[in-house]
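What follows is the residue order along each chain.
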2 protein chains.
Amino acid sequence: MQALVTRLIHACGMVEVADRIAHSPGAYLAGHRALANGAPVLCDCEMVGAGIIRRYLPAQNEVIVTLNDPSVPDRAAAIGNTRSAAAVELWADHLEGAVVAIGNAPTALFHLLELLDQGAPKPAVILGFPVGFVGAAESKAELAERPRGCDFVALRGRRGGSATASAAVNALAAGLPELNA
Amino acid sequence: MQALVTRLIHACGMVEVADRIAHSPGAYLAGHRALANGAPVLCDCEMVGAGIIRRYLPAQNEVIVTLNDPSVPDRAAAIGNTRSAAAVELWADHLEGAVVAIGNAPTALFHLLELLDQGAPKPAVILGFPVGFVGAAESKAELAERPRGCDFVALRGRRGGSATASAAVNALAAGLPELNA
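Residues numbered from 1 in each chain as written. Chains lettered and ligands numbered in written order. Predicted model: local features only at pLDDT ≥ 70, side-chain atom pairs only at ≥ 80, totals over all residues. Heavy atoms only, no water.

Chemist: How should I be thinking about the packing of helix α1 (residues 2-12) of chain B against helix α8 (residues 162-174) of chain B in this particular structure?
Modeler: For any two helices packed against each other, the geometry comes down to the angle between their axes and how far apart the axes lie. Residues and elements named next belong to chain B. Their axes nearest at 8 Å, the elements α1 and α8 cross at an angle of 150°. Judged by the inter-axis angle, α1 sits roughly antiparallel to α8. Crossing handedness for the pair α1 and α8: right-handed. Side by side, α1 and α8 meet where Ala3, Leu4, Arg7, Leu8, Ala11 and Cys12 of the first sit next to Ala163, Thr164, Ala167, Ala168, Asn170, Ala171 and Leu172 of the second. Along the lines of polarity and charge, the residues of the contact of α1 with α8 split into ten nonpolar, two polar and one charged. (Axes fitted to C-alpha atoms, helices over the stretch in contact; angles between N-to-C directions. Helix = DSSP H or I, 4+ residues; strand = E, 2+ residues; numbered from the N terminus. Parallel < 35°, antiparallel > 145°, perpendicular 65-115°, else oblique. Left-handed = near helix turned anticlockwise from the far one by under 90°. Contact = heavy atoms within 4.5 Å. Nonpolar A, V, L, I, M, F, W, Y, C, P; charged D, E, K, R; others polar.)

Dropping the structure here:
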């Protein structure tokens, strides 16, 4: 976890975030092993995907962002939720054992937790980094308090964002290789 | 500027950043007009480009990221600087009147200022949002204190990052259209 915390601090320039990180005991190892075994990375927005350092991924892991899938707007209308939440439903076939990185939308994290309640396959680890004033803190508190049997890392409170979510993935993938560069 | 400040706050979940924003008096209008007139957006990394909401851009403006150009590693070695700094040299043909968005690398911002000292064409506005502990605060202080005749917006201190840089571009492009959505 230390590499992950260090990367988070560097991603936002704030040492204070170290005090707000919640995680399950096995989160780092679960995520690291999942990536080593070829698990895909499911991201809630393009920025999270863009921040993942591809050369660090140990198995040319697939990075999947479904937010801009053409079916998403209609699905969002059908379920009466955001596009970000609707996009999570398109993860179904990839969810088992995946690394999930949510760096923007509280509704994506809330909806993922709902789908897990309904029996969706469990990801290896959920990286919860929604940001902002509407639901972000609440979505991460829900993840940290009832992680539905999944490993997780979350940054409590309003802070978070794409760069922190990408940083967490990069840490799971490679630790802190810059220290040896 | 109010739309820009609001977007920055939402991008990082912290109202406190409002107190740390420095900008030239004409920055918002200069950036807004440049985009309306078709200026390109020059970004220091892929994440900044990924966070720009394309449908907000008023003139299908080009978003340019040169960091992964194949010539960059050799150029970095030749100038004895980072890849991020070397990538800025590839902006030369696009710099005049452009919107520059730096959301990651202090060395990119420092090198841009050096090139301006050497007579490089002036961008319409420089959005300075490098993040972190090594040079970020210093690069933004240098921009704010000696902006080389350019309009600018900068977030003073260690905080910043791709999401804030993208948010600033989105604000220049479209203000806060979500308020009317």
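From this point, the discussion proceeds with the structure in view.
Chemist: So what exactly am I meant to see when it comes to the sheet that holds strand β2 (residues 41-43) of chain A here?
Modeler: Backbone-to-backbone hydrogen bonds join strands into a sheet, with any given pair of strands oriented parallel or antiparallel. Residues and elements named next belong to chain A. Strand order in the open sheet formed by six strands is β1-β6-β5-β4-β2-β3, with mixed pairing between adjacent strands. Every other strand in the sheet has two partners, leaving β1 (21-23) and β3 (63-65) as the edge strands with one partner each. Averaged over all adjacent pairs, the angle separating strand axes in this sheet is 15°, with direction ignored. Both β1 and strand β6 (residues 151-155) contribute to a ladder of three bridges, which runs antiparallel. Residue Ala22 lies in a different strand from β6, and its bridge partner there is Ala154. Along the sheet face, helix α7 (residues 136-145) touches β1, β5 (125-128) and β6 and points at about 150° away from the line of β6. (Pairing = 2+ DSSP bridges.)

Chemist: Sorry, what's going on with the pattern of salt bridges here?
Modeler: When the charged atoms of two side chains with opposite charge come close together, those side chains can pair. Considering all chains together, one arrives at twelve salt bridges over all chains under this definition. Between Glu142(A) and Arg148(A) there is a salt bridge whose closest N-O contact spans 2.7 Å. Residue classification places Glu142(A) among the buried positions, given a relative accessible area of 18%. Linking Glu16(B) and Arg158(A) is a salt bridge whose minimum nitrogen-to-oxygen distance equals 4.0 Å. Of this pair, Glu16(B) sits in the loop between α1 and β1 (21-23) while Arg158(A) sits in the loop between β6 and α8 (162-174), each in a different chain. Classification of Arg158(A) by relative accessible area gives partly exposed; the value is 36%. (Salt bridge = Lys/Arg side-chain N within 4 Å of Asp/Glu carboxyl O. Buried < 20%, exposed > 50% of the residue type's maximum accessible area, 1.4 Å probe, protein only.)

Chemist: It is not clear to me how unusual backbone geometry should be interpreted in this structure. Could you clarify?
Modeler: Only a minority of non-glycine residues have a phi that is not negative, and only a minority of peptide bonds are not trans. One non-glycine residue with positive phi stands out, namely Gln60(A), at about 45°. With respect to the element layout, Gln60(A) can be found in the loop between α3 (46-51) and β3. Residue Gln60(A) is classed as exposed on the basis of its relative accessible area, which comes to 79%. With phi around 55°, Arg148(B) is a residue other than glycine that occupies positive phi space. With respect to the helices and strands, the residue Arg148(B) is situated in the loop between α7 (136-145) and β6 (151-155).

Chemist: Hey, could you run me through the relation of the copies chain B and chain A in this one?
Modeler: Two copies of a chain can be linked by a rotation about an axis combined with a shift along that same axis. Of the transformation placing chain B onto chain A, the axial shift is 0.0 Å and the rotation is 180°, giving an RMSD of 0.0 Å. Taken together, the rotation angle and the small translation identify this as a two-fold axis. By C-alpha distance to the rotation axis, the residue of chain B lying nearest is Met47(B), at 2.7 Å. Of the interface residues in chain B, 100% have counterparts in chain A that sit at the interface too, so the contact is made through matching surfaces. (Least-squares fit on C-alpha atoms with pLDDT ≥ 70 in both.)

Everything listed is a geometric property; what it means functionally is a separate question.
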